[in-house]
Each structure stands twice: as C-alpha cells, then as structure tokens.
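Letter by letter, the chains look like this.
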Amino acid sequence: MFKKAVEAKAQQRLSGADRKKLKRTIRDRFPRASDADIDALLPPKAEITVSKFQNRVHVYGVEGGFPLFFDVDGRGSEIYPTVFALWKLPEMLPYFMLKGGEVSRFVIGGADLMFPGISVAAEGLPSFSASEPWAVKVPGNPAPIAVGSTTMSSAEALKAGLRGKALRIMHYYRDLLWESVEGHYVPNSGFLEDVVLEDPSFLASNQPSDSSEGATCESDVQQSCVNNENTEGSVDVNGAISDACAASMQNDSENAAKEITTDASDLKSTANVDAAKLDIELLSLSIEDVDSHLDRCLLQALHTTVKDKDLPMPGSTLWSNHVLPCRPSGITLDIKKSSHKKLSKWLQAKSSTGLITVKEDKYKKEAMLISVNRGHPEYLQFKPEKRLVEKVVQAGDSAASESRSQKALEVVEVYKSSVHVNPIFASVGADTGKLYSASEATDIVFKYIEKENLVKQTKKATVVLDATLCDALFKGAIKKGSTYPTEIHKKDLGATFINRMQAHHMVTRGGESVVRKGVLKTVQIMTERRQGNKKVTKVSGLETFLIDPEALASELQKKFACSTTVAELPGKKGLEVLIQGGVIDDVARHLLEQYGIPKRYIEVLDKTRK
C-alpha cells in the first residue's frame, strides 16, 4: 500500500459530522477498542485532519501529530490503524506472532506474510474470517510491526495445511508512510523510540546478513516462507522448502538474537542522545523564533511552489503542501507555539500587511488564499533558497531512473517434466523436478534417441519410435481404435515432446521474479459503452506481468486527464483498471512503451466499433 511514493492531493480538517462518522466507523470495525481507547487516539477537542492521496487512500490523524488510521479506498469500508496507533493500543487488533527475526526481515521489507512464518500456539490456530484486519508481532515485544488483511478464513487455512498467504500486508514499520512522518515530526512522548529499541527484531531488518545461515535462508526460501505471490496456478514447491525454512529459523534464532542484542545496546544510547538534542533544540525556540520561521517558510513557498494558477487555495493545503516542506532541516513547525495560535489568524495577519489576500469560505469555515501580491516589499526583498529546488530535481531524476529500471520486463516460457515424459528423463538421467527451456527439453529427447540409436538408417531425418518414446509422445492422445505411429520426422519431434510437458512461464521485472504454472495469459484491454453513450476502457491481467493496478491507474489518470478506478474482477481473481473514455489504443501503446509488454501478449477488443 505504501511501497511507492504518492503525493497527497489535499489535506483538510474534518467537520464535526465527519469526526463522529469516523469514530463510528472505527468503533464498528474494531470492537476490541473501547470508547476511551478511541478518545485516547482521537481526543474530542483535538483537530482531526485527513490527507487525500492520488491513489484514493485517505490518511487520518490529529493535526500536527502522527497518522493514526488509513482508508484504502476512501469509502470507510477498509479502514486500518497505522503502526503508530497500534503502538499506543497494541490490543486493538488480533495478531499473528512471527517465528523469529528472520521472518520479520521480510515483513518489514514489504513482503506479505505466509503461514509457514507464523508461530502457532499450543491451543491451535485462532479463529478468523477472510478480509479481517490483523496485526503482526515479533516474540518478546508487545508492539506490532505491521497490519494487513487476512486472505482466507482459519477453516480454509487448516484445510490447505497452513500453506500459502496468510496476511496481505497493508502497512508496516519503516514503509513510506512511516518515512514521511519520520522526516517531519519529532515524537514528544518518547514511546516510539522506546518500543523500537527494546526489540532486537526491528534492528534485524537493517543489519547486513553476513552469516551463511542467514544468506541461505534469505536466498533459498524467501519465496516460500513469506513472499510467494502465487498461491494459485504457481509452481508447487511442496512442503520441503517451507519446513526447511522454519527449521533453519528455529535453529538460528538464539544466535541471531544474541548478535542483534549486542548491536542494539550501542544504538539505544546513540538514539537517546539524538532525541535529547532534538528536544533541546525545540525547547530553545521562542515564540518570536517560531513566528520568524513561519514568515520565512511562507515567503519561500510563495516564491517556489505556490503558483497563481493554483489559486484560490485552502489554507490547510497551503500549510501542509507548501509551507511545511519549506521549513529548515531539524525544525518542527507548530502553529500553536506561535503568537497567532491558529492557522486562520496567522493568514489573516499576513493578509493585513498586504502580502496576500485571504477570505473565509462560508461553507467550509476555512481560510482561503485568494491572491499573492508579488510586488509587496517583503516578497521582493526575500531571496528564496535554491538548494531546495535542486534537491527536488535530483530526487525526481533518481526516482525516474529507478522507475525505469524497475519496469524492465523479461518473459521466458519454461517447461517441467510430466508423467508422460518422465521415462525419457529417467533414461538419460535428467532431473524431473527442474524447469527447462524449449531448447533444453528438445536436447533431452534427442539424447534419448542417440542413446537408443533410434535414427532410421535409410532416412536420417526420420526417428523410429520404440515403445517408451511412442508412449511419451502419443499415449492418451490417440483415439481408441486408431493405430499408433511407428515413425516421426525430426522437425516435428521437438514440438510434440514439449507439448507433452507441463507448461510454465517465468516473469522478471527489475529485481522481482515469479514462476507460474500454465501458459502466459495476455493483458486484456476492452472498451465498451455505458449509460449516456459514454465510453469506458477496462484493463485486466496486469498481475501476470508484475504491474501494480493501483499504480497504473494513478499514471493513466495523470496521462489522460481522466478519472480512473480499480475494482475486483467479477467472478474472477485479480483486479481491473477502469478508465473513463475510449483510450484503448493509448493504453496499449503505454503498456508497450513504458512497461515493455510484448505486443503478442496484449489483447484488444473495442465493443464500441460497428
């Protein structure tokens, strides 16, 4: 959910009715939390803000504080607490306990949680339903490290033998939601640092894995333990890998904990010193210093990011998207610590000097920035800092290059031995559990022919079929009563042999790779008419090529300047992107050029053409 950087479109305060609605939704979705618990997170007299992101996610929190809840689709049906909220109320959600620090490395790295990585208590697996919010904890620490949604019920999990994906992780410690807060806020209560530093497993995710045991577990069984994205239609790795991972983690947990705890003692003292320095710096700021910082940040924003075409602009948007990003490094701006106490009063004060024009919206009861007097002496005398702009450009360039590297796609069709051809593989000593390319599989059948000397002497291009090779190629494929062939041409042998094997495909994009069973499915792009003679374009099958539908929807929304939504496929597994308008050719070209999907894997159907 927060693996990729997404900018907030707007931030605003909740009205009284919306505050009550939010608390009702939280109370209904999290029955473990009492009214007192909810009031502790969202105090009745505190201002509650909502940040609306371009991927439709809404993030709620107390103004000037940490984000406490996030809504996946902005409709209130899928609302989750953040790690910050769970650290204040650890028992708000039921939780899965991990087997050890090795699994927490992958979860904190953004992987989904698999059942082999969960420590099941003696009384058995707890009862749960599909799509329930659950937290993730590590042994020895009450503070959860991640929150997600269950992918199946407990009954289905037991029926599957506790294999497959248990929890789809929505938010985790040190993801981009965390990083965005970590860079802008300084915790006052100290509970965040204490929780992190008391748990060595948090530090395990950031320690380099130099030991052979850790490297083996991470490289060999990462897919089966934590991050196997394909619980259906994927290569069956059986129970051996998962059991091996569990055993390896259990055997090495004591040694890993000792090493990490040693490093944690040094880190705790350093972090406490840094926190103390920040507290001293904040306490040293007087009211006049805060007012001065506010004025400089406003002028910096007016020179660099606030454009006349964006006006009028809500005061909350000006504060969150323009003023706060311009504050000096290491400084936390709090309007309540200024002489104005409130944002609206500060904006009115600047309006009275003639620098800006501010009016109050009678419907939203919020100050609106109407215009900027760019001929004002304060504006003309202020020299904006260029380093902020340069830093943004550099970050944009690195992000673009990283995005291009992540979009590199490689598709390979591979094959696995089946019951039909197993005797051929056994005869030449080939591994029946390995995946082979088409040329490698063809080499195996020709090795068998050479070993058994099956080439027809009078006609070198023809192969004589013995009983084993004939069964491998034609058993079950010839109708009853028909005569089995006794010969086959060499040019037809390879294709016939491959068709008798199990087809798989390997898709690699950047550093992510996945192998799935079956033939590679295409991306379907379809345009159809809706009510009012309006066109809508649907795109499905993106997961096959490791494309995030939500990220693509956000891209297309900007590219085509139209509304986009992401919905579940009716009656099928997966998501589809719905785009307003008939942009079928443009979408196909975008997938071809930006994501490297070969043209043969893109299926186009325009139902609006006669």
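Here goes a summary of the coordinates provided.

The rules we used
Counting restarts for each chain, with residues numbered from 1 along the sequence as it is written. Whole-chain, interface and lining totals are the exception, using all residues; otherwise, since this is a predicted model, local features are given only for residues with pLDDT of at least 70 and side-chain atom pairs are given and counted only at 80 or more. Side-chain numbers here rest on the full set of heavy atoms in the structure, without hydrogens or water. Only the contacting stretch of a helix is used when fitting its axis, a line to C-alpha atoms as for every element, and angles between N-to-C directions run 0 to 180 degrees. Starting at the N terminus, helices and strands are each numbered in turn, a helix being any DSSP run of H or I of at least four residues and a strand any DSSP run of E of at least two. Note on angle classes: values under 35 degrees are labelled roughly parallel, values over 145 roughly antiparallel, values of 65 to 115 roughly perpendicular, and the remainder oblique. When checking whether two residues touch, look at their non-hydrogen atoms; a contact exists if any pair is within 4.5 Å. Under the grouping applied here, Gly and all other residues not named as nonpolar or charged are polar, the nonpolar ones being Ala, Val, Leu, Ile, Met, Phe, Trp, Tyr, Cys and Pro and the charged ones Asp, Glu, Lys and Arg. The classification of residues rests on relative accessible area computed with a 1.4 Å probe and restricted to protein chains. Under 20% of the type maximum is buried, over 50% is exposed, and intermediate values are partly exposed. Polar contact is defined as a pair of N or O atoms within 3.5 Å, subject to the rule that within protein one atom must be able to donate a hydrogen and the other to accept it, and that residues adjacent in sequence are counted only when both atoms are side-chain atoms. Regarding the arc, it is the one traced by the directions from the helix axis to the C-beta atoms. Criterion for a salt bridge: a side-chain nitrogen of Lys or Arg within 4 Å of a carboxyl oxygen of Asp or Glu.

Helix H13 (residues 343-352) packs onto helix H12 (residues 315-323) with a crossing angle of 85° between their chain directions and a minimal axis gap of 10 Å. Between H12 and H13, the interaxial angle falls into the category roughly perpendicular. Counting all contacts with H12, which are made through Gly315, Ser316, Leu318, Trp319 and Val323, the residues of H13 involved are Leu343, Trp346 and Leu347. Across the contact of H12 with H13, the residue classes tally to six nonpolar, two polar and no charged.

Turning to the side chain of Thr150, a few remarks are in order. Within the element layout of this structure, Thr150 appears in strand E9 (residues 146-150). Take Thr150: its relative accessible area is 3%, and that puts it in the buried class. A distance of 2.9 Å separates a polar atom in the side chain of Thr150 from the backbone nitrogen of Glu132.

A separate point is H13. Buried within H13 are the following residues: Leu343, Trp346, Leu347, Lys350 and Ser351. Here the buried residues of H13 occupy an arc of 140° about the axis, which is enough to place them on one side. Opposite the buried face of H13, by more than 90 degrees, sit the exposed residues Lys345 and Ser352.

What follows deals with helix H18 (residues 467-474). Where H18 is concerned, the buried positions are Leu469, Cys470, Ala472, Leu473 and Phe474. Mapping the buried residues of H18 onto a view down its axis gives an arc of 165°, with all of them on the same face. Check the buried side of H18 and you find it contacts helix H16 (422-428), helix H17 (438-452), strand E16 (462-464), strand E17 (487-489) and helix H19 (490-499). Once H18 ends, the next one or two residues include Gly476, with phi positive near 85°.

Moving on: the pattern of salt bridges. Under the defined criterion, the tally for this structure stands at 12 salt bridges. A salt bridge links Glu63 to Arg13; the shortest N-O distance between them is 3.1 Å. Here the residue Glu63 occupies a position in the loop between strand E3 (58-62) and strand E4 (67-71), and Arg13 occupies one in strand E1 (residues 8-13), the gap between them amounting to 50 residues. Taking the relative accessible area as the measure of exposure, Arg13 reaches 38% and is therefore partly exposed. With a closest N to O distance of 3.6 Å, Arg530 and Glu528 form a salt bridge. Among the ionic contacts, a cluster of salt bridges with common partners joins Asp295, Lys350 and Glu378.

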